[in-house]
Amino acid sequence: MNKITNHMPTAELQALDAAHHMHPFTANHELAEKGVRVITRANGVRLTDSEGREILDAMAGLWCVNIGYGRDELAEVAHRQMKELPYYNTFFMSTHVPAIALADKLAELAPGDLNHVFFASGGSEANDTNIRLVRRYWDLMGKPDKKVIISRKNAYHGTSVGSASLGGMQGMHAQGGLPIPDVVHINQPYWYLEGGEMSPEEFGIARARELEAKIDELGEGRVAAFIAEPIQGAGGVIVPPESYWPEVSRICAERDILLIVDEVITGFGRTGNWFGSQTYDLKPDIMTIAKGLSSGYAPIGGSLVSDKVADVIGREEFTHGYTYSGHPVAAAVALENLRIIEEEKIVDHVRDEAAPYLAEKWHQLADHPFVGETKIVGMMASLALTADKSVRKPFEAPAGTVGYMVRERCFANNLIMRHVGDRMVISPPLVMTKSDIDDLFERAVKSLDEGYANVKAAGLLKTAG
Ligand SMILES: *Cc1c(COP(=O)(O)O)cnc(C)c1O
């Protein structure tokens, strides 16, 4: 039996973790010094840690536990599938029922003619698939020069070499020599800090037209695709101005390029529709999915592919695939998750109840002296911390200094709310009730109040010059 259990003293678990476990996006020495938080159980929208504290999870894990924790149905499906067929591949002229059933279900749910799926174990792998898919598509179309993928600064598309290249995170590109060739980045539609004197609507148009300008600069004959998240998640829940997506859609329709919409966060109900593409009326050729596909209960992702693209890719062998493409246990769990979302009308719950109530509360935070703007679509929201509400400017302290101090207070108040730079973000489970949202709001206000006091006391309540 494994000697590491939930019942060891926290300090021992922390010591073992520090000795052997390298954490993602973490300075491990610093973490070892501070002591990692050990999560032991979860139910509904709440986590329990090794000290017995109950924590409200307003991030749904990592943007993924859409149906909440503790759903026995998923555990039972996994158990059954493991006994019946724990693994078989889908490479060598073989398939299995969970992969067939999940592909069929996804084709039914997905908008437009996204009727085909290439499975992966997560979003990063799926976006790597997408790089190969779009380049291969243009090769087969007799246009091998169309290789460049246009993405955006501050986008997040994963952390593998390919997907991190698609992403627009400076800090990630700086480690490991990224991006790979033929990926270029245009500016993001982040009005609050980058909009200057323009109105949000003017700015949305201007940032969309950077796509058009980039296509012209490179030459349409060199551009394979544009990739974007409907709403940037890890970049700080950046909700684009209303004018942005219609203008991008116009450009994509006029130009001979493919549109990849990364719905790893916005998929499966998060924005109040099944997909963010429906919220923004987008017509993707390829859609990236993961996270909410299984509500995080099993690692699975994929690329939803249009009839047009799948038809061309299918002409010859596509030399690509993962050992766990369409893994039967993960596929069975995902299918059960989708059944629950449908049967319990969770997308309706988001659109008609949870999101409007959360929005009402969230926008009240705009009155706080520490809050420069509030943004929310469905069950994903952000706010900009500010030293001075009268101007849209960053703090004098390095980006993230202030955000981190607020995050510390959230931690202390048993609320999982993240900071991205000096924006606070939430992406709670979709099944939150009004009373959960009241609880969230109370803890958020307390954390903001305390964070504000601490920032002031530290002399950091200063706007950059
Ligand atoms: C999380 C995320 C990814 C990466 O997914 P992984 O499963 O972590 O590989 C890709 N795109 C977006 C928009 C994401 O939020």
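Residues numbered from 1 in each chain as written. Predicted model: local features only at pLDDT ≥ 70, side-chain atom pairs only at ≥ 80, totals over all residues. Heavy atoms only, no water.

A.B. asks: It is not clear to me how the site of the ligand should be interpreted in this structure. Could you clarify?
C.D. replies: Taken together, Gly 122, Gly 123, Ser 124, Asn 127, Tyr 156, His 157, Gly 158, Glu 229, Asp 262, Val 264, Ile 265 and Lys 291 form the complete shell of residues around the ligand. In the environment of the ligand, an oxygen atom lies 2.5 Å from a nitrogen or oxygen atom belonging to the side chain of Ser 124. The separation between an oxygen atom of the ligand and a polar side-chain atom of Lys 291 is 2.7 Å. Out of a free accessible area of 380 Å², the ligand has 82% covered by protein chains. The element best represented in the shell around the ligand is helix α6 (residues 123-140), accounting for three residues. Within the shell around the ligand, the residues separate by chemical class into three nonpolar, six polar and three charged. (Near = heavy atom within 4 Å. Polar contact = N/O pair within 3.5 Å; in protein donor to acceptor, adjacent residues only side chain to side chain. Areas by Shrake-Rupley, 256 points an atom, 1.4 Å probe, with all protein chains shown as cover. Helix = DSSP H or I, 4+ residues; strand = E, 2+ residues; numbered from the N terminus. Nonpolar A, V, L, I, M, F, W, Y, C, P; charged D, E, K, R; others polar.)

A.B. asks: Explanation requested: unusual backbone geometry in the structure shown.
C.D. replies: Most peptide bonds are trans, and most residues other than glycine sit at a negative phi. Note that the residue after Leu 178, namely Pro 179, is joined by a cis bond; omega there is 0°. Residues other than glycine seldom take positive phi values, yet Met 93 does so here, at roughly 50°. Structurally, the position occupied by Met 93 is in the loop between α4 (72-84) and α5 (97-109).

A.B. asks: Before we go on, may I ask you to explain the packing of aromatic side chains in this structure?
C.D. replies: Ring pairs (aromatic) are described by centroid distance and by the angle formed between their planes. The final tally for this structure, using the stated rule, is eight aromatic pairs. Look at Phe 118 and Phe 318: their rings are 5.8 Å apart centre to centre, the planes differ by 80°, and that puts the pair in the edge-to-face class. Of this pair, Phe 118 sits in strand β4 (residues 114-120) while Phe 318 sits in the loop between α13 (307-313) and α14 (328-343), and the two are 200 residues apart along the sequence. In this structure, Lys 146 is placed above the aromatic ring of Trp 138, and the distance from its NZ or CZ to the ring centre is 4.5 Å. (Phe/Tyr/Trp six-rings, centres within 6.5 Å; stacked < 30°, edge-to-face > 60°. Lys NZ or Arg CZ within 6 Å of the ring centre and 35° of its normal.)

A.B. asks: Hey, could you run me through the sheet that holds strand β13 (residues 415-416) in this one?
C.D. replies: Sheet strands line up and pair through hydrogen bonds in the backbone, either parallel or antiparallel. Taken in spatial order, the four strands make up an open sheet running β1-β2-β3-β13, and their pairing is mixed. Of all the strands in the sheet, the pair left with one neighbour each is β1 (39-43) and β13. Seen against the sheet, helix α17 (residues 434-457) touches β2 (46-49), β3 (54-57) and β13 and runs at an angle of roughly 100° to β3. (Pairing = 2+ DSSP bridges. Contact = heavy atoms within 4.5 Å. Axes fitted to C-alpha atoms, helices over the stretch in contact; angles between N-to-C directions.)

A.B. asks: I keep staring at the environment of Glu 442 and nothing clicks. Help me out?
C.D. replies: Relative to the assigned elements, Glu 442 resides in helix α17. The exposure class assigned to Glu 442 is exposed, which follows from its relative accessible area of 59%. For Glu 442 and Lys 361, which are 81 residues apart along the polypeptide, the C-alpha to C-alpha distance reads 9.8 Å. (Buried < 20%, exposed > 50% of the residue type's maximum accessible area, 1.4 Å probe, protein only.)

A.B. asks: Would you mind showing me how to read the sheet that holds strand β15 (residues 423-426) here?
C.D. replies: Overall, antiparallel pairing links the four strands, which are arranged β11-β12-β15-β14 in an open sheet. Strand pairing shows two members of the sheet lacking a second neighbour, β11 (371-377) and β14 (418-420), which therefore form its edges. Here the average twist between neighbouring strands, direction ignored, is 25°. For strand β12 (residues 380-385) and β15, the ladder comprises four bridges, and the chain directions are antiparallel.

A.B. asks: Would you explain the packing of helix α15 (residues 346-364) against α17 in this entry?
C.D. replies: Two packed helices can be described by the angle between their axes and the distance between those axes. Contact geometry of α15 with α17 gives a least axis separation of 10 Å together with a crossing angle of 20°. The orientation of α15 relative to α17 falls into the category roughly parallel. Crossing angle aside, the handedness with which α15 passes α17 is right-handed. From α15, Ala 354, Tyr 357, Leu 358, Lys 361 and Gln 364 reach across to α17, where they touch Lys 434, Ile 437, Asp 438, Leu 440 and Phe 441. (Parallel < 35°, antiparallel > 145°, perpendicular 65-115°, else oblique. Left-handed = near helix turned anticlockwise from the far one by under 90°.)

A.B. asks: Before we go on, may I ask you to explain the pairing of β11 in this structure?
C.D. replies: Of all the seven residues making up β11, five are buried; the element is thus mostly covered by neighbouring parts of the structure. Note: β11 against β12, six bridges, orientation antiparallel. Looking across to β12, one finds that Val 371 is bridged to Leu 385. If you look at the hairpin formed by β11 and β12, you'll find two residues sitting between the two strands, and Gly 378 has a positive phi there, around 55°.

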